[in-house]
Amino acid sequence: MNIAIVCYPTFGGSGVLATELGKALADKGHNIHFITYQQPVRLTGFHANLFYHEVRVPTYPLFDYPPYETALASAMVDVINNNNVELLHVHYAIPHASAAYMAKQILAKQGKHIPVITTLHGTDITLVGKDKTYRPVVTFSMNESDALTAVSENLKAETYKNFEIEKDIQVIHNFVDVSRFNRKPVDAFKKLIAPNGERIIVHASNFRKVKRVDDVINAFLLINQQIPSKLLLLGDGPERPFAESICRDCVAAENIKFLGKQEQMEDILPIADLFLLTSEYESFGLAALEAMAAEVPVISTNAGGLPEIIIDGYCGYMSAVGDIMDMCKNAVKILKEDEVLKQFKANALEQARKFDIVNIVPEYEALYKRMI
Ligand code: GMT
């Protein structure tokens, strides 16, 4: 099949998922055309079936706000027309679903029918999309998509709760390529971070308010009082300066490191003993799944779709949002004894395998075939 994929090219989960999907489909022999405003971060290396088309948004003195959505719709039409594209799959509703609607109408006038699939990822529904600034357009373009998918049952329910949706939403859970996270030798790297055998705790996110990064730090400070440990914070975003300021003044400052944006999560995650995710909401929590694929148990909140991927007491534990005492108690349970930690690590990998790429990508392929 010849498929066009539209996504955010940045570090966010929706862009990561869309890029990994495109790469997996290309490996299976499909031609995949990415249409984005920048090279997606996970789209590295050469593949004969992968194509990247950059959306250019020329500026003009009149434009206080350059019309990205118009440029994107035009790019969609151009790529579809010149590459025999049979289907358009957009990730994250805003503004991709409405640009896709526009492109679809233009192509229809030219006598070409292009099915559009919109995959909902989370904040496009739960945070930004339901705001009245965007809501009418988001509702309309979701209803005009030929198929709608959501990355968790929770997100599907949230979508029906917040929008008047006239069609069925298919849940296709996010996935991870477990083989990529197979443990490489990590001892030397681990020793650099934790020279005295301290436990290594990792958090990765885009440092937005919804992630409650201060809870990560405060939970770590409690854990650190009981277990010699180090905290690595991966990623960047608006809350990072605040997070750094809390750490600078805290008693365990020398045990906390901010590593910034990292492209190769598979190189870093395997050194961790625990992953902390304290979000107010996660439609899915792809970062937690990637951690589990690297054999890292997860301490998280029980918000949104997280209970769909984490089995409490098996591959990690979930607590109520903000309950850092409970998070600490659970973390200590996992980290205290080597044998317990070993079992949780093995369970985390086992649980991640349920969401392995080989199980989930065929669901998208089947949907594409049906739509085409
Ligand atoms: O977490 C974010 O703010 C980024 C956002 C995105 O769209 O990139 O992530 C959402 O999509 C991910 C991939 O489907 C999910 O794993 C995240 O849980 C979801 N984030 C939220 O719902 C807050």
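Remember, it's a predicted structure, so these values are computed and weren't measured experimentally. (Residues numbered from 1 in each chain as written. Predicted model: local features only at pLDDT ≥ 70, side-chain atom pairs only at ≥ 80, totals over all residues. Heavy atoms only, no water.)

What about the domain arrangement of the chain?
Size of an interface: often given as the accessible area lost when the parts come together.
(1) Moving on: Domain parsing of the chain yields domain 1 (2-175 + 356-371) and domain 2 (178-353).
(2) Moving on: Measuring from the centre of the C-alpha atoms in domain 1 to the corresponding centre in domain 2 gives 30 Å.
(3) Moving on: With 21 residues of domain 1 at the interface, the matching set in domain 2 holds 17 residues.
(4) Moving on: When domain 1 packs against domain 2, close to 1500 Å² is buried across both sides, 53% of that on carbon and sulfur atoms.
(5) Moving on: Taken as a group, Phe11, Arg42 and Asp356 account for 34% of the area that domain 1 buries against domain 2, more than any other trio of residues on that side.
(6) Moving on: If you look at where domain 1 meets domain 2, you find two salt bridges. (Domains from an automatic or database assignment. Contact = heavy atoms within 4.5 Å. Buried area = accessible area lost by both parts, 1.4 Å probe. Salt bridge = Lys/Arg side-chain N within 4 Å of Asp/Glu carboxyl O.)

A word on the packing of aromatic side chains
(1) Moving on: Under the criterion given, the structure shown has eight aromatic pairs.
(2) Moving on: Between Tyr8 and Tyr92 the ring centres are 5.4 Å apart and the planes differ by 90 degrees, which places this aromatic pair in the edge-to-face class. Pair noted here: Tyr8 is in the loop between β1 (2-6) and α1 (13-27) and Tyr92 is in the loop between β4 (87-91) and α3 (93-109), with a separation of 84 residues, a long-range link.
(3) Moving on: Taking the relative accessible area as the measure of exposure, Tyr92 reaches 13% and is therefore buried.
(4) Moving on: The interplanar angle of 50 degrees and the centroid separation of 6.3 Å between the aromatic rings of Phe207 and Phe258 together place this pair among those described as tilted. Of this pair, Phe207 sits in the loop between β8 (199-204) and α8 (213-226) while Phe258 sits in strand β10 (residues 256-260), and the two are 51 residues apart along the sequence.
(5) Moving on: An aromatic cluster of three or more residues is present, and its members are Tyr8, Tyr37, Tyr68 and Tyr92.
(6) Moving on: Against the face of Phe163 rests Arg135, its NZ or CZ located 5.4 Å from the ring centre. (Phe/Tyr/Trp six-rings, centres within 6.5 Å; stacked < 30°, edge-to-face > 60°. Helix = DSSP H or I, 4+ residues; strand = E, 2+ residues; numbered from the N terminus. Buried < 20%, exposed > 50% of the residue type's maximum accessible area, 1.4 Å probe, protein only. Lys NZ or Arg CZ within 6 Å of the ring centre and 35° of its normal.)

Notes on the side chain of Thr159
(1) Moving on: With respect to the helices, strands and loops of the structure, Thr159 is situated in helix α6 (residues 153-162).
(2) Moving on: Not counting residues within four places of it along the chain, the set of residues in contact with Thr159 comprises Leu120, Ile125, Met142, Ile165 and Ile169.

Some details on the site of the ligand
(1) Moving on: Near the ligand, the surroundings consist of 17 residues, among which Ser14, His121, Asn174, Lys211 and Glu282 are the closest.
(2) Moving on: Within the contact set of the ligand, an oxygen atom lies 3.0 Å away from a backbone nitrogen or oxygen of Gly285.
(3) Moving on: Between the ligand and Leu286, the relevant distance is 2.9 Å, taken from an oxygen atom to a main-chain nitrogen or oxygen of the residue.
(4) Moving on: Across the complex, the protein chains shield 94% of the 480 Å² of accessible surface that the ligand would expose by itself.
(5) Moving on: Across the shell around the ligand, the residue classes break down as five nonpolar, 10 polar and two charged. (Near = heavy atom within 4 Å. Polar contact = N/O pair within 3.5 Å; in protein donor to acceptor, adjacent residues only side chain to side chain. Areas by Shrake-Rupley, 256 points an atom, 1.4 Å probe, with all protein chains shown as cover. Nonpolar A, V, L, I, M, F, W, Y, C, P; charged D, E, K, R; others polar.)

A few points about helix α2 (residues 68-82)
(1) Moving on: Relative to the 21 Å expected for 15 residues at 1.5 Å per residue, α2 spans 21 Å between its end C-alpha atoms, a close match to the ideal helical length.
(2) Moving on: Listed as buried for α2 are Tyr68, Ala71, Leu72, Ala73, Ala75, Met76, Val77, Val79 and Ile80.
(3) Moving on: The inward-facing, buried residues of α2 abut β1, β2 (31-36), β3 (50-54), β4 and α3.
(4) Moving on: Positive backbone phi, approximately 50 degrees, marks Asn84, located one or two places after α2. (Expected span 1.5 Å × (residues − 1).)

A closer look at the packing of helix α11 (residues 286-293) against helix α14 (residues 338-353)
(1) Moving on: Contact geometry of α11 with α14 gives a least axis separation of 7 Å together with a crossing angle of 120 degrees. By the criterion of interaxial angle, the relationship of α11 to α14 is oblique. Of the two possible hands of crossing, α11 and α14 adopt the one that is left-handed. For the pair α11 and α14, the contacting residues are Leu289, Met292 and Ala293 in the first and Ala348, Leu349, Gln351 and Ala352 in the second.
(2) Moving on: Split into classes, the residues belonging to the contact of α11 with α14 amount to six nonpolar, one polar and no charged. (Axes fitted to C-alpha atoms, helices over the stretch in contact; angles between N-to-C directions. Parallel < 35°, antiparallel > 145°, perpendicular 65-115°, else oblique. Left-handed = near helix turned anticlockwise from the far one by under 90°.)

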